[in-house]
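Chain and residue survey
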Amino acid sequence: MADPAASVAIEDHGAVRLIRIEREARSNALDAAASVVIDRAVDEAERDPAIHVLLLTAAGDRAFCAGMDLNEAAERGAGHGLIPGRGFAGLTERRRTKPLVVAVNGAAVAGGFEIVLAADIVVAADHALFGLAEVKRGMFAFAGGVQRLARAVPRATALNLILTGEPIAAERAFALGLVSEVVPAGRLAARAMEVAREIAGFDRDTVRRALALHDFAADAPIHESLDFGRRYGEETLGSAAERAAVRAYAEGRARP
């Protein structure tokens, strides 16, 4: 039996934890074992105060993630890559406190697209593709794909992706707001790490609170999110990090 750890590489680059899917021969589709490795790596990063940002990508330039491993699904049944309470690869239903940057190096389809939709920042190679192909296999993207598309894009656009299973190009995904940035393939790894390191360089608690407020505001009425933001923001105002950042700006320095 193959070592599941060998199919996922985990590297810490300062305050950035890089997780790289290394199942290129399977279009970086995830079997149950690889999903567990990713889930545990994120768990450990959430508990580790030295890690501020997660960066997820995959090997090669053909596919970011083709979703579940269909060979495993054919043998054992579908759904073994779903982590109870946390979704596909432990990411699509998880509540995180640390930002997740995803570098999409190729096709992100089915569960791979669901991971993208669950991310906070998405940097895509210019040849990347995005789609929910489940309908072609007698399934639908219930682990977050359908739900997040329903919130992210107009109904007709969402249902075209959901009901036809046809992918869209990176530039189209960017135009729809599903992707943060599109870069040449040769620049993808460096640019994604640059973004992750920039965020990791900011005060950890400030980033955590901004992320939490955004996610609260996305689901709450405006008066509730404003009240939550005021109470939450008061914890930041007057903090050592805030005072240092204001002083650095006043003195012409980018940050302390």
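An unreviewed UniProt entry annotates the protein as Enoyl-CoA hydratase/isomerase originating from Rhizorhabdus wittichii. On record in UniProt, under Sequence similarities (unreviewed entry), the comment for the protein is "Belongs to the enoyl-CoA hydratase/isomerase family."

Turning our attention to the pairing of strand β2 (residues 16–21). Counting buried positions along β2 yields 6 of 6 residues, so the element is predominantly enclosed. On β2, burial covers both faces: Val16, Leu18 and Arg20 on one face and Arg17, Ile19 and Ile21 on the other are all buried. The hairpin formed by strand β1 (residues 8–13) and β2 contains 2 residues between the paired strands, and Gly14 there has a positive phi angle of roughly 65 degrees. Of the strand pairs in this sheet, β2 and strand β3 (residues 53–58) are connected by 6 bridges, and their pairing is parallel. Residue pairing across strands places Leu18 opposite Leu55, the latter belonging to β3. With helix α1 (residues 32–47) bridging β2 and the parallel β3, this β-α-β connection has right-handed handedness.

Moving on, we get to helix α5 (residues 155–164). Here α5 has its buried residues at Thr157, Ala158, Leu161 and Ile162. What you see down the axis of α5 is that its buried residues fit within an arc of 125 degrees, all on one side. In this structure, α5 carries Arg155, Ala156 and Leu163 as exposed residues pointing more than 90 degrees from its buried face. Its buried side turned inward, α5 meets β10 (129–131), α4 (145–152), β11 (168–169) and α6 (170–175). Of the residues one or two after α5, Gly165 is the one with positive phi, at around 75 degrees.

So, on to the environment of Ala125. Relative to the helices and strands, Ala125 is located in strand β9 (residues 121–125). On the basis of relative accessible area, Ala125 is assigned to the buried category, the value being 1%. Spatially, the C-alpha atom of Ala125 lies 7.9 Å from that of Arg187, the residues being 62 residues apart in sequence. Among residues more than four places away in sequence, those in contact with Ala125 are Val104, Asn105, Ala170, Val182, Val183, Ala185 and Leu188.

Quick look at the packing of aromatic side chains now. Applying the stated rule across the entire model yields 1 aromatic pair. A centroid spacing of 5.8 Å and a plane angle of 55 degrees characterise the contact between Phe113 and Phe130, whose relative ring orientation is tilted. Placement of the pair is Phe113 in helix α3 (residues 111–118) and Phe130 in strand β10, with a sequence separation of 17 residues. Owing to a relative accessible area of 0%, Phe130 belongs among the buried residues under this scheme.

Let us look at the side chain of Asp69. The topology assignment puts Asp69 in the loop between β4 (63–65) and α2 (70–76). Given a relative accessible area of 5%, Asp69 falls into the buried group. A distance of 3.0 Å separates a polar atom in the side chain of Asp69 from a polar atom in the side chain of Arg23. Aside from chain neighbours lying at most four places away, what touches Asp69 is Arg23, Arg26, Ala29, Leu30 and Asp31.

Note on placement: Arg204 falls in helix α8 (residues 204–219). Counting along the chain gives 154 residues from Arg204 to Ala50, while the straight-line C-alpha distance between them is 9.5 Å. In this structure, Arg204 is in contact with Pro49 and His52, ignoring residues within four places of it in sequence.

With that out of the way, let us pick up the pattern of salt bridges. Taken as a whole, this structure holds 16 salt bridges when the rule is applied. Residues Arg94 and Asp39 are paired through a salt bridge, measuring 2.4 Å at the closest nitrogen-oxygen approach. Placement of Arg94 in the loop between β6 (87–88) and β7 (100–104) and of Asp39 in helix α1 is noted, with a sequence separation of 55 residues between them. What you see here is one network of salt bridges that share partners, running through Arg23, Arg26, Asp31 and Asp69.

On to the packing of α3 against α4. In the contact formed by α3 and α4, the axes pass within 9 Å of each other and the chain directions differ by 45 degrees. By the criterion of interaxial angle, the relationship of α3 to α4 is oblique. Relative to α4, α3 is oriented so that their crossing is left-handed. When α3 is examined against α4, the residues Phe113, Glu114, Leu117 and Ala118 are found in contact with a partner set consisting of Gly145, Arg148 and Leu149. When its residues are assigned to classes, the contact of α3 with α4 shows 4 nonpolar, 1 polar and 2 charged.

What counts and how
- Residues numbered from 1 in each chain as written.
- Predicted model: local features only at pLDDT ≥ 70, side-chain atom pairs only at ≥ 80, totals over all residues.
- Heavy atoms only, no water.
- UniProt positions renumbered as here; feature names shortened; annotations may be inferred.
- Buried < 20%, exposed > 50% of the residue type's maximum accessible area, 1.4 Å probe, protein only.
- Helix = DSSP H or I, 4+ residues; strand = E, 2+ residues; numbered from the N terminus.
- Pairing = 2+ DSSP bridges.
- Right-handed = clockwise from strand over helix to strand, strands pointing away.
- Arc of directions from axis to C-beta.
- Contact = heavy atoms within 4.5 Å.
- Phe/Tyr/Trp six-rings, centres within 6.5 Å; stacked < 30°, edge-to-face > 60°.
- Polar contact = N/O pair within 3.5 Å; in protein donor to acceptor, adjacent residues only side chain to side chain.
- Salt bridge = Lys/Arg side-chain N within 4 Å of Asp/Glu carboxyl O.
- Axes fitted to C-alpha atoms, helices over the stretch in contact; angles between N-to-C directions.
- Parallel < 35°, antiparallel > 145°, perpendicular 65-115°, else oblique.
- Left-handed = near helix turned anticlockwise from the far one by under 90°.
- Nonpolar A, V, L, I, M, F, W, Y, C, P; charged D, E, K, R; others polar.

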